[in-house]
Structure formats: structure tokens, C-alpha cells
Amino acid sequence: MASVHESLYFNPMMTNGVVHANVFGIKDWVTPYKISVLALLYEMTSSKITLPERRRLNKLILPLQQSSDLSLGQFLKTVEGCCPETAYAVKIRLHEMVDGELKDMEYFFSTLPTPFTAFDSEAYKTSVVGLFMRHMLLAYNKLSFSQVYKLYKSLQHYYHSHYSKPTEGQVGLMAVAADDCDMDLTSTEDTVGDRTDRGEEDAPLDESEIREENTQSKGPLSQKQAEYFLARQAYLLKNDENKSLKPDVLQEELNNMLKFNPDFTEAHYLNYLNSIRVQDIFLSAHSLLHYFDRLILSGNEGKSNGDEGYGRSLRYAALNLASLHCRFGHYLQADLALQEAIRIAQESIDHVCLQHCLSWLYTLEQMKGSDTTVLTLDSVTMAAHFCLPYLASLRFQSLVQLRTTQGQAAMDVMDALKDADILHWKHSLSELIEISLAQTTSIWKMYGKSTMALQQAQLLLHMSSLEPVNYGVQQNNTEAFAVALCHLAELHAEQGLYGAVADILQHLKDQFPAHTQHAKLWMLSDLKIQFERHMIEGKYNLAEQLVPSISALNKTEGLYREVCVLKVLNRTTEAYSVLQRLQVHCEKNKCTETVIRVLLSTAELHWESSGFSTALPLLFQALALARQHHLQSLASETLLHLAFTQLMLGVPEQALLVLHEAIEPVLAHGALVDKGRALLLAARCQMAVAGFRPKRQGQADLHVAVSAVDMLSEAAGYFSKINCKERLLDVYFLQGHLYHSLGQISQRNKSAMLFRLLDQELRSPAPSISMRL
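The rules behind the values
- Residues numbered from 1 in each chain as written.
- Predicted model: local features only at pLDDT ≥ 70, side-chain atom pairs only at ≥ 80, totals over all residues.
- Heavy atoms only, no water.
- Helix = DSSP H or I, 4+ residues; strand = E, 2+ residues; numbered from the N terminus.
- Contact = heavy atoms within 4.5 Å.
- Axes fitted to C-alpha atoms, helices over the stretch in contact; angles between N-to-C directions.
- Parallel < 35°, antiparallel > 145°, perpendicular 65-115°, else oblique.
- Nonpolar A, V, L, I, M, F, W, Y, C, P; charged D, E, K, R; others polar.
- Core = buried A, V, L, I, M, F, W, Y, C linked by side-chain atoms within 4.5 Å.
- Buried < 20%, exposed > 50% of the residue type's maximum accessible area, 1.4 Å probe, protein only.
- Phe/Tyr/Trp six-rings, centres within 6.5 Å; stacked < 30°, edge-to-face > 60°.
- Lys NZ or Arg CZ within 6 Å of the ring centre and 35° of its normal.
- Salt bridge = Lys/Arg side-chain N within 4 Å of Asp/Glu carboxyl O.
- pLDDT = per-residue confidence, 0-100.
- Expected span 1.5 Å × (residues − 1).
- Polar contact = N/O pair within 3.5 Å; in protein donor to acceptor, adjacent residues only side chain to side chain.

**Considerations on the overall build of the protein**
Next, step 1: Per the secondary structure count, the protein includes 38 helices and 2 strands.
Next, step 2: A separation threshold of at least 6 residues defines the contact pool for the protein, and within that pool the share at least 24 residues apart is 67%.

Listed below in C-alpha cells is the structure:
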């Protein structure tokens, strides 16, 4: 039985291994475009072509046969890209037929070297080219004289429309001819009246834009062309959405198909996939229901499976409907559809469908915020029992994510990841291997191990796909690649490499345009990087403008950024109010990282009112949470806050001990701004421990001053790289006093000058150095 994954992203032309036929009720036609293809095959057979050019033309033949009818300009341009001489010869061949008489077209068909008439033909009788040529010759030979004449007139219009614009009268005449020139393969009728009587039944489709957005195909869309179009677009939507047609163009093409055949099941399913891209809940649900209705009524399932096929379609229809509502956050509707799918699957004793239902039940409960540990463990056991490696691997990854958020030991998390990876590679589950690497990248970044996160992201980006790739598709447009690239951009931004960040984000924008489903990932990362950069550079008005955009993509991130802006603008009351709302929201959703950041921000608000002692319980609570969940970066950040608080409380010795514990992981994995802050704080703690005074001199003070100057110089390098001018102001202030104590007048004057220039440039009252970390 097909899995949910297969039912969501299957080749729409195949159901139970049988290719759907006669979906349109339209038979194949002889068109001017197909005569152009025959002319190309004629020239390939009769003229001498180099081996590389012949290879390129051979690769081009099948797409030309299967695609919709192209204009002559497009056709010649495509052939010219492979072999300019052959394109010119084809143009001359068509010119001879068009500027001559009807007998010239007749002579072309009679002398066409086919595998059935020419013994030296390069094409086999059963080859793609041989069958196409035979098919076209049979269709042409069955035409009556009046139909041959109309085909010739249509060929003239097809040729001349490429070189000149016909007058209005010619347009009307050619339009009539074009409507009547579509030739039925089995038609032997010679009467215009009979042709008119059955025109409604065998009328061709309207002009469409199948190959490109601005390209109109002139000929009728046959059954095979429609199948090729749907198969290609479904494949591209799954593997490379950026190369598929734009949503509005694809919607127009599908509407044209469904207008002529509303029971075309595969078109309804592709319409469903296209609607999901633009988050259209109404049209996606409508198309999904129509797909399963037509699938059941057409009997495609029942022919192979009897009554079981009918029930199978019903339960998978309910399951797909539940997944659709779950995607859009409609939890009540999703729960009702899921219960219906479970009921039907239990009645049919379909264990595979029940396992898929269990997976979606876990996902639904997780989205509701419920504890799903027991449910996840049961689902892993059952999936392994029924030999469903994809579901078992997927649930292993869910279990890893669950253990990470619950604060289990990193060793247990990595062991679970190892077990999942063994299962992935054993069954060559390429998609889940990519997801696993992206998940590992996120976990290492959450733990604060930026080097390991960078390594895992690079490993994913350099990994070759295990799946076959067609149509020139690159397997780097999945959600896993988007997540890895976003992490890569954020890691580079932390190190001040904004040029590399711009390149990564530009690649993300090219690979995941704004209308694609994964575009929100890079949009949020881009906004967060811009926000942090503006905050570091002191451009608070620009940072404040980004808060609504961040909130639109992620409410939690938006609220936290709003607190950061309010805090630096000294709007303490508003910041505290937002912090209270954010803390309640995060505790409800079990977002531990944000809870810790909220506690740190609340402690900073206590600093503003010199409430350093009242900030200690908040910092201890944040440190306990960070260590419980193995969040090393947040634990180091909390230790920096704790050391600063102790420094302000007059216990610099204890502050220095705490700082020694935090400074090593900060320098190894932290952002540049954190490294600079840590070194600046360490210099201040050393000066306070030694009882350093600007006008006191002594051997101990000299040693402390030299060490502090080195730390401040290193911190100045970090702050300069990220253009953090407010922090540089603090560094230059301390350096000036230290150089004065050391008697280095030139260095003191240099630091004083830099301080003065930077102070004049900023022209904004900055917080006192003694009140800021």
C-alpha cells in the first residue's frame, strides 16, 4: 500500500502502476509544429552532423515530441542552440513547402525517410522516433483532401506569423483555418457538416502557457502532452519548486484542463499541491476532495483492488484532509478528520494506515502543546514492528527533538541521533538523511557549539543526493537545506562576516523565492540578522522598524526583539510589561531558550534601578535552566551577567572566579560582541581585584594594568570588526586611564583623541560604563 508521503507527492500519471489513458478524450493531431519536428528528423537523417551536435539533438527530440506545440521562433531557437546548421536547414525546408504549392508538402511526406520505408534509416521501428514518424504518417494519410488543404494553410500561417504580422483580415481567415485544421488520427470524414457536428466533442484546448510564463502554445494539447506536463510539474513541485511554473500561471493551465474534463483526477491533485504553495486553504481543500471523489468514481482503485480499493481511497482521503488542516493550524478540523481516518482504518484492519494516523496524531498533539513522550515511544515500536523504516526513522527524529526540548542529557540525544542515522543509511532514506543533518546542526547551535554546527551544515551542503534526479533538478531546495543555510548565515553574522552573509541570503532568495513554502525561513533569519546588526551599531530606530516584520513571521521572536528595543530606549515600564506577557507565553509553549532570555532581560531592568541584589535570584534561575537543558551559550551569557552583578555588588574576586568559568566557551564559540564584552568585563574585574586607581603606581598595579590593556586591545579589535561604537567608547575610556597610570603619554593621548572623536560622532547620551555589561 502507498504511504502518506507517496499519496502527497506521487507521479500523478501513475496509479497502481497503470498509466491513465484517454483523460481528455482527444486524439492526436497533425499540426504545423509536428511537421516542423518531422523536418528536423528529416534533416538529421539526410545531412552530416558532428557527433557532439547529434548527441545534443538526440537529447532534444523527446522533449520536443512530448511538450506542447511551440511557436516557430521558439522551435528554431531551441534547435539552433544544439546545431545552428540544422536549424537553418529546417527553416529552408519549411520555406520551400510554404512558398511553394500543396504538392510540395505532399512531396515532403512521401520522401520522408522512415524505418518502414527506408532500409538505411537510423531509427528503429519500435524506437521513440520510429513510432512518432509512423504515427504522423498514418494520421496524414487518413486526411481527406479538404483537411490536407486546411493543414497546408495552417502551416503557412504558422510560418509567416514568425516573420511578419498579418493584417486583420488575414488574422480572421487564419483563425478560422486554425480552428478547422486539427486533424483526427482516425478521421476519414470528408464532409464539413460532419466535422462541424462533432466539433464540440473533439475541439482542441485553448492556447496555453505551458513551457514559460509568457509563452503561448499554439497547437492543441493532446493526452500525452497533458500527461507529460502534469508529471513534470508534480516532480518539480516536490524536488525543485523554483523551476516549476509560477502559481498563477500553473493555476490558469489547470483551469483550462479542468474546463474540458472536470473528472481529470491528476489535474485536481496538482491543483491541490499548487494551492498549498500559496497557502490557499479553501482551494486546496476543494481540490483535494475533488481528487479523491474523482478517483473513487473513476474506479481506478476498484479495478485493481475491488472494494478494498474503494475503502483505501476513503481513509487516505480523510488522512490527507487531516494533514491539510494540521498544516494550516486548524486543530479541531484536523482532529475530526484524523478520527474518521482512524475509524475507517480500524474497520478495514489497515495497520499501515493506522501507523500513518498515529504519526499525525503525535504531530497534532505536539502542536497543541501536549506531552507526547509516551505516544512517540509507542509509535516508534509499532513502526518497527510493521517494518515501516520511513515512519520509524521519522519518529526517531521526533524523539530526538522531544528529548532535546525536555532537557535530557546531550549524550542520550546524540545516541538517539546515531540510531536514527544507522536506520537512514541502511535503507538509503536520502530525504531523512538531509533532515537529520539539519536537525543535528540546529541542536549543536542550540547547545552553543558553533564550530560543530558549522561542520554539520557544511556536511549537508556538500552531500550528494541518493535519489535519481531528472529534468536538470538540483536536490538543494528542500527545507533541510534552507534550515542549514539559515544557520550558516546567522553563524557568519555572529563573526561579523556580513559580506558572506549577503551572499548566502542572496542564494537563499534565488533558490527559495518569496512565493515558495520555505521562504519564511530565510525571511526570518534575514530580519533577525539585520536587527542584531542595527542594535550592535546603535541604530535603534532602524531596529525598531523591523519588529513588526519579525512579529508577523514569529510572534515569540517579535516580542523579544520589542523588549530589546524598549530596554535600550529606557522605556522600562513598557519593557517590563512585554516581558511578563512573553514569559507566560513561553512557559506555556515550553520554549526554554526564550524563558532564559526573558529572565536575563528582567535582570537587566533591575540593574537600571540599581537593584543588583534583586537580580541575583533571576540569574540563578536562568543558570539552572540553562545547565539543565545543556545550553552552553546561554549558560555562559548568564555567567557574564552574574559576574557583572557581583562586580557591582563589590565582590570582584567572586566575579573573577565566575568569569573564568564562562570566558573559555565564549572565546571558543561565542559571537564577536560576546567575546568583546567578556574581555571588557574581565579587564574591569582584574582592575577592581587589584584595587587599581588611576594615580596609584606599583609593581602589582603595573602587572594588572599591562594585562588589562592587552584584554582591552583585543576587545577593541572585536568591537571594531562589527562597528560597535558604543562599546569602543568604553574601551577607549579605560585604555586612556590605564595608559596614564603606566606613564605612556602618547598612547594615552591617542586613546583620548579616539574617545573624543567617537563621542562627537555618536552625540547620544550612552549609559555609564559602570551600569552596563
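Let's pick the thread back up.
**Some details on the packing of helix H2 (residues 32-46) against helix H8 (residues 145-163)**
Next, step 1: Put simply, H2 and H8 touch, their axes get as near as 9 Å, and they point 80° apart. Put simply, H2 runs roughly perpendicular to H8. Across the interface between the two elements, Pro 32, Tyr 33, Ile 35 and Ser 36 of H2 pack against Leu 151, Ser 154, Leu 155 and Tyr 158 of H8.

**Things to note about the packing of helix H4 (residues 72-82) against helix H5 (residues 84-99)**
Next, step 1: Direction vectors running N to C along H4 and H5 enclose 145°, while the axes themselves pass 6 Å from each other. Judged by residue contacts, Leu 72, Phe 75, Leu 76, Val 79, Glu 80 and Cys 82 of H4 engage Pro 84, Ala 87, Val 90, Lys 91 and Leu 94 from H5.
Next, step 2: Per-class residue counts for the contact of H4 with H5 are 9 nonpolar, no polar and 2 charged.

**Quick notes on the nonpolar core**
Next, step 1: One finds Phe 531 and Leu 681 to be the most contacted residues of the largest nonpolar core, which totals 94 residues.
Next, step 2: Once residues within four sequence positions are removed from consideration, Phe 531 is found in contact with Ala 543, Leu 546, Val 547, Ile 550, Arg 561, Cys 564 and Val 565.
Next, step 3: Formed by 45 residues, the second largest nonpolar core is a distinct cluster that contains Leu 38, Val 79, Ala 139 and Leu 155.

**Topic: the packing of aromatic side chains**
Next, step 1: Counted according to the given criterion, the structure contains 10 aromatic pairs.
Next, step 2: Considering the side-chain rings of Tyr 33 and Phe 75, the 5.9 Å spacing of their centres and the 85° angle between planes classify their relative orientation as edge-to-face. Remark: Phe 75 occurs in helix H4 and Tyr 33 occurs in helix H2; sequence separation between them is 42 residues. Here Tyr 33 matches Phe 75 in class, with each residue buried.
Next, step 3: Within the aromatic cluster, the residues linked to one another by ring pairs are Tyr 269, Tyr 272, Tyr 291 and Phe 292.
Next, step 4: Lying across the ring of Tyr 498, Arg 533 places its NZ or CZ 4.0 Å from the centre.

**Regarding the pattern of salt bridges**
Next, step 1: Evaluated as defined, the whole model comprises 18 salt bridges.
Next, step 2: Here Arg 315 makes a salt bridge to Asp 350, at a shortest N to O gap of 2.7 Å. Placement of the pair is Arg 315 in helix H17 (residues 307-327) and Asp 350 in the loop between helix H18 (331-348) and helix H19 (351-367), with a sequence separation of 35 residues. Taken as a pair, Arg 315 and Asp 350 share a single burial class, namely buried.
Next, step 3: One salt bridge connects Lys 445 with Glu 490, and the closest N-O pair in it is separated by 3.1 Å. A residue pair is termed long-range when its members are at least 10 positions apart, and Lys 445 in helix H23 (residues 430-447) and Glu 490 in helix H25 (residues 479-494) qualify at 45 residues.
Next, step 4: Salt bridges here are not isolated pairs; linked through shared partners, they connect Glu 340, Arg 343 and Glu 347.

**Description of the confidence of the model for the protein**
Next, step 1: Per-residue confidence for the protein gives a mean pLDDT of 78; residues scoring 70 or more make up 80%.
Next, step 2: A low-confidence stretch, residues 301-307 (pLDDT under 50), is modelled with 10 contacts involving residues beyond four sequence positions or located in other chains.

**Some thoughts on unusual backbone geometry**
When glycine is set aside, most residues are seen to have a negative phi, and most peptide bonds are trans.
Next, step 1: Positive phi, close to 60°, is recorded for Gln 279, a residue that is not glycine.
Next, step 2: Counting through the fold element by element, Gln 279 comes out in the loop between helix H14 (265-277) and helix H15 (281-298).
Next, step 3: You can call Gln 279 partly exposed: its relative accessible area is 40%.
Next, step 4: Look at Ile 349: it is not a glycine, yet its phi comes out positive at around 55°.
Next, step 5: Within the secondary structure, Ile 349 is located in the loop between H18 and H19.
Next, step 6: Since its relative accessible area comes to 61%, Ile 349 is described here as exposed.

**Details of the environment of Leu 289**
Next, step 1: Considering the arrangement of structural elements, one finds Leu 289 in helix H15.
Next, step 2: Its relative accessible area of 44% is what places Leu 289 among the partly exposed residues.
Next, step 3: For the pair formed by Leu 289 and Ala 318, sequence separation is 29 residues and the distance between their alpha carbons is 9.2 Å.

**Digging into the environment of Ala 671**
Next, step 1: Here Ala 671 lies in the loop between helix H34 (652-669) and helix H35 (672-689).
Next, step 2: For Ala 671 and Ala 493, which are 178 residues apart along the polypeptide, the C-alpha to C-alpha distance reads 8.4 Å.
Next, step 3: Residues within four places of Ala 671 in sequence aside, it is in contact with Glu 494 and Gln 495.

**Notes on H35**
Next, step 1: Its 18 residues place the ends of H35 26 Å apart at the C-alpha level, agreeing with the 26 Å of an ideal helix rising 1.5 Å per residue.
Next, step 2: The buried fraction of H35 is high, at 16 of 18 residues.
Next, step 3: Phi turns positive one or two residues past the end of H35, at Gly 691, with a value near 65°.

**Some remarks on the environment of Gly 100**
Next, step 1: Mapped onto the elements, Gly 100 comes out in the loop between H5 and helix H6 (102-111).
Next, step 2: On the accessibility criterion, Gly 100 (29% relative accessible area) is partly exposed.

**Some remarks on the side chain of Lys 567**
Next, step 1: Structurally, Lys 567 is set in helix H29 (residues 555-568).
Next, step 2: A polar contact of 2.3 Å, which involves the side chain of Lys 567, links it to the side chain of Glu 604.
Next, step 3: What Lys 567 contacts, discounting residues up to four positions off in sequence, is Ala 575, Ser 601, Glu 604 and Leu 605.

**Details of H19**
Next, step 1: The end-to-end C-alpha distance of H19 is 24 Å, a good match for the 24 Å that 17 residues give at a rise of 1.5 Å each.
Next, step 2: Among all positions in H19, only Cys 353, Gln 355, His 356, Cys 357, Leu 358, Ser 359, Leu 361, Tyr 362 and Leu 364 are buried.

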